[in-house]
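Structure at a glance
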Amino acid sequence: MTHIAVAAAPSLGALREHLDTHLDPAARRWYRQALAEAAEHPGGHGPISAWELRLAEAGRRCGSRHADAARVLILHAARADTAALTHVYRQGTADERRAVLLALPHLVPGPDALPLTEDALRTNDTRLIAAAVGPYAARHLDTHGWRHAVLKCLFTGVPVDAVAALDERAHDDTELARMLSDFAAERTAADRPVPAGLHRVLALATAPSRKES
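Residues numbered from 1 in each chain as written. Predicted model: local features only at pLDDT ≥ 70, side-chain atom pairs only at ≥ 80, totals over all residues. Heavy atoms only, no water.

**Structural notes on the overall build of the protein chain**
- The secondary structure content of the protein chain amounts to 13 helices and zero strands.
- Starting at the N terminus and ending at the C terminus, the protein chain contains elements arranged as α-α-α-α-α-α-α-α-α-α-α-α-α.
- When its C-alpha atoms are laid out on the principal axes, the protein chain stretches across 55 × 45 × 35 Å.
- For the protein chain, buried positions account for 47% of its 213 residues.
- Residue pairs in contact within the protein chain that sit at least 24 positions apart in sequence constitute 70% of those at least 6 positions apart.
- Accessible surface, the protein chain: about 11,000 Å² in total, of which carbon and sulfur atoms supply 52%.
- Across the protein chain, the mean location of the 25 positive side-chain charges is 4 Å away from that of the 26 negative side-chain charges. (Helix = DSSP H or I, 4+ residues; strand = E, 2+ residues; numbered from the N terminus. Buried < 20%, exposed > 50% of the residue type's maximum accessible area, 1.4 Å probe, protein only. Contact = heavy atoms within 4.5 Å. Areas by Shrake-Rupley, 256 points an atom, 1.4 Å probe, with all protein chains shown as cover. Lys, Arg positive; Asp, Glu negative; His and termini not counted. Charge placed at Lys NZ, Arg CZ, Asp CG, Glu CD.)

Laid out in C-alpha cells, this is it:
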C-alpha cells in the first residue's frame, strides 16, 4: 500500500492533561493509582491481571465522558502487546473493546492487530465502528478493506469525519466512486435518503489527480 500520511491519534500527554483537568480529585487519585499498578505489573497475573480489573472499573470511577482516555492510558502503562489487546478485546465489554481500538495507534506499530479492526467493522455497533476507522485503520487497512469501511460508516450512520485520512485515501479513487454511486442508487430506488456524507466522499473520489508543481 502506498504510504499515507495520517494525523496522529490524540497524544498520551493530551489524554493525561485532559484527565488531570477534568476529573474530580477522587477519580484523579484512582486513575493515577491504576496507572502505577499497570506499570508495576504489566503482565498477566492469574486469571485476570490487576490492570484489566481497572479497565472494567474506569467507567464507574471516571465517568463515561472520561473512561476512554483512562482506559487507553492504562493499556499503555501496562505495555499491552497485540496478544494482551486481543485478550481484552475478546473478553471485554463494548466499552473496553472501544478502548482497545483507540489504543492501537499508541501500542501496535505494524498491522498485527488488524483482525481487531476488521472484527469491529463487521459489527453494527456505531461506537466500535467509529473507533475502528481511526489512524490505525488508515495506516494498515488495505484498499479493499478501507473502501468497505467507508461504506460501513455510511450504511450505519457513522459520520465520515470519523474516518482518519479520508481526504487522502479517497482522493481520485474510481472504484470507491463506483461503489458510492451504486450505494446511492440503491438507496434512491428504495426511496431511502442518501447519507449526506456520501456526497463529500464521492466528491473526493471523483476529484482529478493532483499534479505536482
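**Details of the environment of Ala39**
- Residue position: Ala39 is located in helix α2 (residues 25-40).
- Aside from chain neighbours lying at most four places away, what touches Ala39 is Ala77 and Arg79.

**Examining the packing of aromatic side chains**
- Following the criterion strictly, the structure yields zero aromatic pairs and no others.
- In this structure, Arg97 is placed above the aromatic ring of Tyr89, and the distance from its NZ or CZ to the ring centre is 5.0 Å. (Phe/Tyr/Trp six-rings, centres within 6.5 Å; stacked < 30°, edge-to-face > 60°. Lys NZ or Arg CZ within 6 Å of the ring centre and 35° of its normal.)

**Notes on helix α7 (residues 114-121)**
- Most of α7 is tucked away, with six of its eight residues classed as buried.
- For α7, the set of buried residues is Leu114, Leu116, Thr117, Asp119, Ala120 and Leu121.
- Buried residues along α7 sit in contact with α5 (82-91), α6 (94-107), α8 (126-132), α9 (135-140) and α10 (143-156).

**Structural notes on the packing of α10 against helix α12 (residues 174-189)**
- For the pair α10 and α12, interaxial distance at closest approach is 10 Å and the crossing angle is 25 degrees. When the axis of α10 is compared with that of α12, the two are roughly parallel. Where α10 crosses over α12, the two elements pack in a sense that is right-handed. Counting all contacts with α10, which are made through Trp146, Arg147, His148, Leu151, Leu154 and Phe155, the residues of α12 involved are Glu175, Leu176, Met179, Leu180 and Phe183.
- Across the contact of α10 with α12, the residue classes tally to eight nonpolar, one polar and two charged. (Axes fitted to C-alpha atoms, helices over the stretch in contact; angles between N-to-C directions. Parallel < 35°, antiparallel > 145°, perpendicular 65-115°, else oblique. Left-handed = near helix turned anticlockwise from the far one by under 90°. Nonpolar A, V, L, I, M, F, W, Y, C, P; charged D, E, K, R; others polar.)

**Some details on the side chain of Arg169**
- Along the chain, Arg169 falls in helix α11 (residues 166-170).
- Buried within the structure, Arg169 lacks any salt-bridge partner; its nearest side chain of opposite charge belongs to Asp142, at an N-O separation of 6.4 Å.
- Among the polar contacts listed, one links the side chain of Arg169 to the backbone oxygen of Ala138, at a separation of 3.1 Å. (Salt bridge = Lys/Arg side-chain N within 4 Å of Asp/Glu carboxyl O. Polar contact = N/O pair within 3.5 Å; in protein donor to acceptor, adjacent residues only side chain to side chain.)

**Concerning the side chain of Arg54**
- Looking at where Arg54 falls in the secondary structure, it is placed in helix α3 (residues 50-62).
- Those residues in contact with Arg54, other than ones at most four positions away along the chain, are Trp30, Ala34, Glu37 and Ile74.

**A closer look at the nonpolar core**
- Trp51, Leu75, Leu85 and Leu101 are the most contacted members of the largest nonpolar core, which has 68 residues in total.
- No other element matches helix α4 (residues 67-77), which puts eight residues into this core.
- Sequence-distant contacts of Leu85, that is, excluding residues within four places in its chain, are made with Leu75, Ala80, Val100, Leu104, Leu107, Val108 and Leu116. (Core = buried A, V, L, I, M, F, W, Y, C linked by side-chain atoms within 4.5 Å.)

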